[in-house]
Structures are given as C-alpha cells and as structure tokens.
Amino acid sequence: MRNSITLEVRAGKAPRVLKTDDKNEPVFGDVWAIHNIENSQASFALAVKFGEAVIPAFKEIALGSKFTVTGRLDIHKDESTGIFHTSILADRVEDIVASRKQTQP
C-alpha cells in the first residue's frame, strides 16, 4: 500500500462519532491521539480517522486507550492559519489496551 504507516498511539481525547447510518450506528469517527517518539521525550498529536471497515475497533477505544494503527498518512496545511494537521485514515487497528486510569473505580 502506498503512503502507509504503522504507529502505536494513545487516545488523548474521547472518540467522536462524525457520521451515523439510519439506525444511528457510527459509520465514521475520529479520535485525537498522541504518538510518543521512541527513545525520545518528543511526541506529536494526530487525528486517527475510522471508516466503516474499522468501526468495530473504534467502538472499543476510549480516552487513554493505547492501540496500534496502520493506515494512510495525510498531512494538510490549513491555509488560514499556516498550521499543519496530521491524520491517519485507519485500515487496520490492533492491540487495543484500555487505560488503567479509565478502568479503576
């Protein structure tokens, strides 16, 4: 696959449902995630976008969840602000681990 990347990320915000079907089930959503660069203190934020093929995984993700995503990388520059936005359109989501903070009473 062209322009494909695999990253381990952690959900920095709760997932958002962006589009639903006629039964009010999600068909498209996203989550803001943080990727920590290996062997470094650096990290960066990106949006992970979920289409119909990976919606089952999307439903398992909550704030703080760690997961591995493989998909198409997109970097878009907002012309009005000059800020670059990075996103991945997920083709595959694996190894979802809930945050310990979210599962404790």
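Further up the page is the structure itself.
Residues numbered from 1 in each chain as written. Predicted model: local features only at pLDDT ≥ 70, side-chain atom pairs only at ≥ 80, totals over all residues. Heavy atoms only, no water.

### Thoughts on the pattern of salt bridges
1) Next: Following the criterion strictly, the structure yields 5 salt bridges and no others.
2) Next: Between E25 and K59 there is a salt bridge, with the nearest N and O atoms lying 3.0 Å from each other. With E25 in the loop between β2 (16–20) and β3 (26–36) and K59 in helix α1 (residues 55–60), this pair connects stretches of sequence that are 34 residues apart.
3) Next: Across the salt bridge formed by D91 and R72, the nearest N and O atoms sit 3.1 Å from each other. Taken together, the residues D91 in strand β6 (residues 84–97) and R72 in strand β5 (residues 66–77) connect sequence positions 19 residues apart.
4) Next: Residue D91 is classed as partly exposed on the basis of its relative accessible area of 30%. (Salt bridge = Lys/Arg side-chain N within 4 Å of Asp/Glu carboxyl O. Helix = DSSP H or I, 4+ residues; strand = E, 2+ residues; numbered from the N terminus. Buried < 20%, exposed > 50% of the residue type's maximum accessible area, 1.4 Å probe, protein only.)

### Focus: the side chain of T68
1) Next: The topology assignment puts T68 in strand β5.
2) Next: A relative accessible area of 13% places T68 in the buried class.
3) Next: Sequence-distant contacts of T68, that is, excluding residues within four places in its chain, are made with T6, L7, E8, R92, V93, E94 and D95. (Contact = heavy atoms within 4.5 Å.)

### Quick look at the side chain of S87
1) Next: Among the structural elements, S87 can be located in strand β6.
2) Next: For S87, a relative accessible area of 8% translates into the label buried.

### With respect to the nonpolar core
Inside soluble globular proteins, nonpolar side chains tend to come together where they are buried.
1) Next: In this structure, V9, V48, F50, F67, V69, A90 and V93 are the most contacted members of the largest nonpolar core, which totals 18 residues.
2) Next: For this core, the elements supplying multiple residues, two or more each, are β1 (4–11), β3, β4 (43–50), α1, β5 and β6.
3) Next: Residues within four places of V48 in sequence aside, it is in contact with G29, D30, V31, A33, F67, V69, I88 and A90. (Core = buried A, V, L, I, M, F, W, Y, C linked by side-chain atoms within 4.5 Å.)

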